[in-house]
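Per-entry structural report
If you want the building blocks of each chain, they are given just below.
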Amino acid sequence: MRQTNEMKIEFDSRSCNESFARVAVAAFMTQLNPTLEEVADVKTALSEAVTNAIVHGYENQVKKIRVECEIEGQMLSVQVIDHGIGIEDIKKAMEPLFTTKPDSERSGMGFAFMEAFMDEVNVESEPGRGTRVSMTKRIGRIKES
């Protein structure tokens, strides 16, 4: 039987809490003995998801963001959940360089970064109800010679 471990945190949608989320998830995944590169990848993807929830989901209003993590075997699963405005067109939102805030300093690369640093990214969203970004990454890959 595979052993699993879970962690859930909830925090205010303030940009200062993005670093808290990064550290919490990094600390949780240390039990997998990840490489520095694996930790950096997960932290980067998580930052993008949390920032999207703050900037786009809640449009900088202070509400709650929940991060849920699960480890099963060597697989790390991370979910970032908000109950904000949701995404009208997920496929369009996931296109590189697409942004709903072209007048701000947003590059529209958040989902592209998540996909680049994680093995799998899935986005579920409903306008007016919020968004759930689910990401997975296998930690400790066996290197091929």
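Look up a bit, the structure's there.
In this report, we go over the structure that sits alongside the text.

What counts and what doesn't
- Residues numbered from 1 in each chain as written.
- Predicted model: local features only at pLDDT ≥ 70, side-chain atom pairs only at ≥ 80, totals over all residues.
- Heavy atoms only, no water.
- Pairing = 2+ DSSP bridges.
- Helix = DSSP H or I, 4+ residues; strand = E, 2+ residues; numbered from the N terminus.
- Axes fitted to C-alpha atoms, helices over the stretch in contact; angles between N-to-C directions.
- Contact = heavy atoms within 4.5 Å.
- Left-handed = near helix turned anticlockwise from the far one by under 90°.
- Core = buried A, V, L, I, M, F, W, Y, C linked by side-chain atoms within 4.5 Å.
- Buried < 20%, exposed > 50% of the residue type's maximum accessible area, 1.4 Å probe, protein only.
- Salt bridge = Lys/Arg side-chain N within 4 Å of Asp/Glu carboxyl O.

Details of the sheet that holds strand 4 (residues 120–126)
Adjacent strands of a sheet pair through backbone hydrogen bonds, lying either parallel or antiparallel. An order of 1-2-3-5-4 is seen for the five strands of this open sheet, with the pairing classed as antiparallel. The sheet terminates laterally at strand 1 (4–12) and strand 4, the two strands that pair on one side only. In this sheet, adjacent strand axes meet at a mean angle of 10° when their direction is disregarded. With respect to the sheet, helix 1 (residues 17–29) is in contact with strand 1, strand 2 (64–72) and strand 3 (75–82), its orientation differing from that of strand 1 by roughly 170°. Its contacts with the sheet put helix 4 (residues 110–117) on strand 4 and strand 5 (130–138), and the angle it makes with strand 5 is roughly 25°.

Looking at the packing of helix 1 against helix 2 (residues 36–57)
Relative orientation of the contacting elements helix 1 and helix 2 amounts to 145°, with a least axis distance of 9 Å. Remark: the crossing between helix 1 and helix 2 carries right-handed chirality. For the pair helix 1 and helix 2, contact is made by Glu18, Ala21, Arg22, Val25, Ala26 and Met29 and by Glu38, Val39, Val42, Lys43, Thr44, Leu46, Ser47, Val50 and Thr51, respectively.

Overview of the side chain of Ser13
Among the secondary structure elements, Ser13 is positioned in the loop between strand 1 and helix 1. With sequence-adjacent residues up to four places away left out, Ser13 is seen in contact with Ile54, Tyr58, Gln61, Val62, Lys63 and Ile65.

A few points about the nonpolar core
Residues Val50, Val67, Leu76 and Met135 are the most contacted members of the largest nonpolar core, which totals 38 residues. Breaking this core down by element, the ones donating at least two residues are strand 1, helix 1, helix 2, strand 2, strand 3, helix 4, strand 4 and strand 5. With nine residues, helix 2 is the single largest residue contributor to this core.

Quick word on the pattern of salt bridges
Taken as a whole and judged by the stated rule, the model has five salt bridges. For the salt bridge of Glu18 with Arg22, the shortest nitrogen-to-oxygen distance reads 3.9 Å. Here the residue Glu18 and the residue Arg22 both occupy positions in helix 1, the gap between them amounting to four residues, near one helical turn. A relative accessible area of 24% places Arg22 in the partly exposed class. Between Arg66 and Glu68 there is a salt bridge, with the nearest N and O atoms lying 2.6 Å from each other. A relative accessible area of 24% places Arg66 in the partly exposed class. Since its relative accessible area comes to 15%, Glu68 is described here as buried.

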